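Coordinate analysis (summary)
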Amino acid sequence: VSEMQDAKRYREKWDEEKQKYTVIPDSPEVVRVIEAAKMQSDRIYTQGLEKQKAEGYKMVHDTPLYNQCRESAKIASDYNYKTALKEAKEKQYKNVHESPLYLQNKLSAQLSSGPLYVKDYEQQKL
């Protein structure tokens, strides 16, 4: 019987204590935590995803500034292409042996040549 009376008194005391405390004010941190807890819920997360799927993807209209930047990039690219093409036409080589690519390949072949390498090595030893 005393245990039941203790439990009854405990319950009454708990009810009184419960009413003394106030709710935490909605500070920005508390609101942020509540929103984060809601977003972690799978139900809310999938609900938002389903809503987004139903609406579909909406393309943002091109702004005048974006269009202007796109056109200026296109013009700059065209200009660079045309100047490179013009330089290539001016440097057309009549003789293949004058081209820089041929000269570079010739030099690399000389450097990788075995007899020339041994000859240079022997000269350096002396």
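Cut-off values and rules
- Residues numbered from 1 in each chain as written.
- Predicted model: local features only at pLDDT ≥ 70, side-chain atom pairs only at ≥ 80, totals over all residues.
- Heavy atoms only, no water.
- Helix = DSSP H or I, 4+ residues; strand = E, 2+ residues; numbered from the N terminus.
- Rg over C-alpha atoms; globule rule 2.2 N^0.38 Å.
- Buried < 20%, exposed > 50% of the residue type's maximum accessible area, 1.4 Å probe, protein only.
- Areas by Shrake-Rupley, 256 points an atom, 1.4 Å probe, with all protein chains shown as cover.
- Lys, Arg positive; Asp, Glu negative; His and termini not counted.
- Charge placed at Lys NZ, Arg CZ, Asp CG, Glu CD.
- Salt bridge = Lys/Arg side-chain N within 4 Å of Asp/Glu carboxyl O.

1. Points about the overall build of the protein chain
Within the protein chain one finds 6 helices and 0 strands. Seen in sequence order, the protein chain has helices and strands lined up from the N terminus as α-α-α-α-α-α. Taking 2.2 N^0.38 as the reference for a compact globule, 126 residues should give roughly 14 Å; the C-alpha atoms of the protein chain span a radius of gyration of 41 Å, well beyond that estimate. Its C-alpha atoms give the protein chain principal-axis dimensions of about 115 × 60 × 30 Å. Each of the 126 residues in the protein chain was classed as buried or not, and the buried ones make up 1%. Accessible surface for the protein chain amounts to roughly 12900 Å². Of this, 58% is attributable to carbon and sulfur atoms. Charge separation in the protein chain, taken as the distance between the mean sites of 22 positive and 20 negative side-chain charges, equals 7 Å.

2. Here we look at the pattern of salt bridges
Throughout the structure, instances matching the rule amount to 1 salt bridge. Here Asp6 makes a salt bridge to Arg9, at a shortest N to O gap of 3.6 Å. With Asp6 and Arg9 both in helix α1 (residues 2–20) and 3 residues apart, the pair spans about one turn of that helix. Since its relative accessible area comes to 43%, Asp6 is described here as partly exposed.

3. Overview of the environment of Glu122
Topologically, Glu122 is positioned in helix α6 (residues 114–125). Each C-alpha atom of the pair Glu122 and Glu87 lies 44 Å from the other, and the pair is 35 residues apart in sequence.

Read these as spatial facts, not as claims about activity.
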